[in-house]
Amino acid sequence: MATPTEILHTNFGFDHFRDGQEQVINQVLAGQNTLAVMPTGGGKSLCYQIPALINPGVTIVVSPLLSLMKDQVDALRQNGIAAAALNSATPRSEVNPILRSAYNGEIKLLYVTPERLAMDYFQYQLSFLNINLVAIDEAHCISQWGHDFRPAYRQLNDAIQHLKTNPTILALTATATPQVQADIGDQLGIPRDNFVITNFARPNISFRVAHPRQGTRQYILRYLAAHQGEAGIIYANTRKRVESLTDFLNERGIPAAMYHAGMTAEDRARVQDDFQFDRVPVIVATNAFGMGIDKSNVRFVLHATSAKNLESYYQEAGRAGRDGLPSEAVMLYHANDIQQYRWFIDQSTADDQYREVQYEKLQAVTAYANTPRCLQQQIVEYFGQECKPCGHCSNCTDERQLEDITETAQAVIATVKELHGRFGKSLVAKVVTGSHDQRVQQLHADQLDHYGALKLSQQAAGSLVNYLVATGYLELEGGQYPVVKVAKPGWQVLAGETTVQRRREPQPTRSTTTVDETPEQAALFEVLRKRRRELAADQGVPPFMIFSDRTLHDMARLQPQTPADFLMVNGVGQAKLKKYGQIMMDEIGAYLSGSAD
């Protein structure tokens, strides 16, 4: 019987496991229920695909999206592994043949939706199969404390308990706080000792936050001009914004396509395919797009509107750089977006405890957008871990001169003091800027010593309050209607014992999304990319399923001339060698002979 390491090399073309993969695989092979929390792009799928190839019987993979299943099945088939999916898009006439193939051992992995697994008749059909493992992808959907709760996931444990073979359970997610991890474990009977939590850091992604004062659209135009030829996703929080931003970009000659849930299934599928097949470089989308996207060469993810929680933001941002190459994730922060999200929570019929959690998540987004510390550190800490400064986020690389804003900060902090810590950020901004708002006058706040102390707009004053909260000079208390209070460092500022500094807004630049290679290697990469596109068109699959960008860069660097050399390329296994090895080596040989002339 082959070992996990042998299968990793032979079937998938990798020499080493990523952090946590081998531990998860060994626990699963030992029959231990396991929770694996790994960042997007961290290689979660191998944690059940390799055991599926070692164990007898069938592995059931529960996946929430049809498009995600299709991509996984297609990718497995490219690696010579038999897999199939059963979902609402599967013709009824194909269901029994697929199950029969699984019974005969011809299919090792069977992808299903949580709704199908919960069906009594489907459980009866599965009773004829030797199911050794149930892998639950996007497992955070099971938790009401998660950001993407899906009721059907709560029924999964009952459904699994009805399976006669008593399969091992593997739950996988990229975004789970300690509270969500505990809930997943409780729901699925996974002991804490069997949690494998890898580092949440994504070292190849440069995180950036912008507060665009020249307008969001102008910022995006400048950003895209600096990142021409790269694949990227731009998220917006409403269909209307998606449509208007797409039109705006198209009118300016930028090839972008839109994607949202209001489009027909056919149009959504067409846009997704155009993006997967590199026919359209930029997608403007709501969060309906992306969970099923396994495209490895997304170089940037740009949030045109503020995220509503750090879990969804990190998951969406993590769609950049899945191939491990340098990429960027940018959030354009707008206080108005946060106010809109707060209004939606206010109108929610959810219980008070759930709403309090959502308010806290919003505050975490605002803190992230205003902190001067390493952005990667800020996110990783949110998920209960620690990491060193990344060295390449917008805060770590910020070379702008620091401005002493002590006097301005003192005015804001003194205003909070005079309001006795009883009011929110909005009222503080109104008072310190001298607003004639009716509420200010009702409270007689226009009589305070620091009323109108700053000649700033209310928006700028609000941004300053957020900065002072993020840096610990002020603090928020309460969920639905948080009030601003003076923190201990704030009292030190008022007493003149410490100073406050702040930097200005950076401009978008082309910084980290390039690969270190020679001009010859870069030219060969383009030749190989063109050949990959032709192969993908012939096979009817996205180009990255043939070879990832990272594999092509490695190919251009190593320039393999023999099958043994070709197997040294990262991401090349026996199946890829057999299918494409000679084709790509011929392409490399032709390029090298041509360049020598």
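This text goes with the structure placed above it.
Every value quoted in this text rests on a predicted model; they were computed, and no experiment measured them.

Applying the stated criterion to the full structure yields 14 aromatic pairs. A centroid spacing of 4.5 Å and a plane angle of 10° characterise the contact between Phe200 and Phe383, whose relative ring orientation is stacked. Taken together, the residues span a long stretch of sequence, with Phe200 in the loop between strand 7 (195–197) and strand 8 (205–210) and Phe383 in the loop between helix 16 (375–382) and strand 14 (403–404) at a distance of 183 residues. On the numbers, 5.8 Å between centres and 50° between planes, the contact of Tyr313 with Tyr368 is tilted. Note that Tyr313 is positioned in helix 13 (residues 310–317) and Tyr368 in helix 15 (residues 352–370), a separation of 55 residues in sequence. Assigned by exposure class, Tyr313 and Tyr368 land together as buried. Counting every residue linked through ring pairs, the aromatic cluster contains Phe200, Phe207, Tyr314, Tyr382 and Phe383. Here the guanidinium or amino end of Arg116 rests over the ring plane of Phe122, the centre of that ring lying 5.6 Å away.

What follows deals with the sheet that holds strand 1 (residues 34–37). The strand order 3-4-2-5-6-1-7 describes an open sheet built from seven strands, whose pairing is parallel. Looking at which strands have only one partner, the edges of the open sheet turn out to be strand 3 (83–86) and strand 7. On average, each strand axis in the sheet is tilted by 20° relative to the strand beside it, whichever way the strands run. Relative to strand 4 (residues 109–112), strand 2 (residues 58–62) runs parallel, the two sharing four bridges. Opposite Val61, over in strand 4, you have Tyr111 as the bridge partner.

Turning next to the pattern of salt bridges. According to the stated counting rule, one finds 18 salt bridges in the structure shown. Linking Arg531 and Glu534 is a salt bridge whose minimum nitrogen-to-oxygen distance equals 3.1 Å. Linking Arg531 with Glu534, this pair stays in helix 22 (residues 519–539), spanning three residues, or about one helical turn. The class for Glu534 is partly exposed, based on a relative accessible area of 35%. By sharing partners, the salt bridges in this structure join Asp278, Arg299, Asp323, Arg532 and Asp549 into a single network.

The next subject is the nonpolar core. Membership of the largest hydrophobic core comes to 66 residues, with the highest contact counts inside it found for Ile136 and Phe207. Looking at which element gives the most residues to this core, the answer is helix 15, with six residues. Ile136 has contacts with Val62, Tyr153, Leu156, Ile160, Ile169, Leu170, Ala171, Leu172 and Leu188, leaving out every residue within four places of it along the chain. Core analysis: the second largest hydrophobic core is formed by 29 residues, Met38, Tyr111, Leu133 and Leu172 among them.

As enumerated under the stated definition, the model contains two cavities of 30 Å³ or more in all. Here the second largest cavity is characterised by a volume of approximately 30 Å³. Counted by class, the lining of the second largest cavity contains four nonpolar, two polar and one charged residues.

Turning to the packing of helix 14 (residues 335–347) against helix 15, a few remarks are in order. Taken N-terminus to C-terminus, the directions of helix 14 and helix 15 make an angle of 175°; their axes are 10 Å apart at the nearest point. Classed by the angle they form, the pair helix 14 and helix 15 counts as roughly antiparallel. Residues Ile338, Tyr341, Arg342, Ile345 and Asp346 of helix 14 form the contact with helix 15, whose participating residues are Arg355, Gln358, Tyr359, Leu362, Gln363, Val365 and Thr366. Across the contact of helix 14 with helix 15, the residue classes break down as six nonpolar, three polar and three charged.

This brings us to the pairing of strand 2. Burial analysis of strand 2 places five of its five residues in the buried class, which makes it a mostly covered element. Along strand 2, one buried face is formed by Val58, Ile60 and Val62 and the opposite face, lined by Thr59 and Val61, is buried too. As defined by bridge partners, strand 2 adjoins strand 5 (residues 131–136) across five bridges and the pair is classed as parallel. Within strand 5, the residue paired with Ile60 across the bridge is Val134.

Turning our eyes to something else, we now look at helix 22. Compared with the 30 Å implied by 1.5 Å per residue over 21 residues, the 30 Å span of helix 22 between its first and last C-alpha is a close match. For helix 22, every residue scored as buried is listed here: Gln521, Leu524, Phe525, Leu528, Arg532, Leu535 and Ala536. Along the axis of helix 22, the buried positions cluster into a sector of 115°, meaning they face one direction only. Across from the buried face of helix 22, at angles greater than 90 degrees, the exposed residues are Pro519, Lys530 and Ala537. Count one or two residues on from helix 22 and you reach Gly540, which has phi positive near 75°.

Glancing now at the sheet that holds strand 12 (residues 298–303). Taken in spatial order, the six strands line up as 8-13-12-9-11-10 in an open sheet, and their pairing is parallel. Of all strands in the sheet, those with a lone pairing partner are strand 8 and strand 10 (256–259), marking the two edges. Geometrically, the sheet is characterised by an average inter-axis angle of 15° between neighbouring strands, direction not taken into account. Note that strand 8 and strand 13 (residues 327–332) share six bridges and pair parallel. Note that in strand 13 the partner of Val209 across the bridge is Met331. Against the sheet, helix 10 (residues 216–226) touches strand 8, strand 9 (231–235), strand 11 (282–285), strand 12 and strand 13, its axis set at about 170° to strand 13.

Looking now at unusual backbone geometry. If you check the backbone angles, His444 has positive phi at about 60° while not being a glycine. Topologically, His444 is positioned in the loop between helix 19 (438–442) and helix 20 (458–470). Its relative accessible area of 53% is what places His444 among the exposed residues. The phi dihedral of Gln559 is positive, around 50°, even though this residue is not glycine. Judged by relative accessible area, Gln559 falls into the buried class, the value being 18%.

Analysis parameters
Residues numbered from 1 in each chain as written. Predicted model: local features only at pLDDT ≥ 70, side-chain atom pairs only at ≥ 80, totals over all residues. Heavy atoms only, no water. Phe/Tyr/Trp six-rings, centres within 6.5 Å; stacked < 30°, edge-to-face > 60°. Helix = DSSP H or I, 4+ residues; strand = E, 2+ residues; numbered from the N terminus. Buried < 20%, exposed > 50% of the residue type's maximum accessible area, 1.4 Å probe, protein only. Lys NZ or Arg CZ within 6 Å of the ring centre and 35° of its normal. Pairing = 2+ DSSP bridges. Axes fitted to C-alpha atoms, helices over the stretch in contact; angles between N-to-C directions. Salt bridge = Lys/Arg side-chain N within 4 Å of Asp/Glu carboxyl O. Core = buried A, V, L, I, M, F, W, Y, C linked by side-chain atoms within 4.5 Å. Contact = heavy atoms within 4.5 Å. 1 Å grid on protein atoms, 1.4 Å probe; cavity = no way out; pocket = protein on both sides within 12 Å on 5 of 7 lines; lining within 4 Å. Points joined across faces, edges and corners; volume = space filled by probe spheres on them. Nonpolar A, V, L, I, M, F, W, Y, C, P; charged D, E, K, R; others polar. Parallel < 35°, antiparallel > 145°, perpendicular 65-115°, else oblique. Expected span 1.5 Å × (residues − 1). Arc of directions from axis to C-beta.

What is shown is where atoms sit, not what they do.
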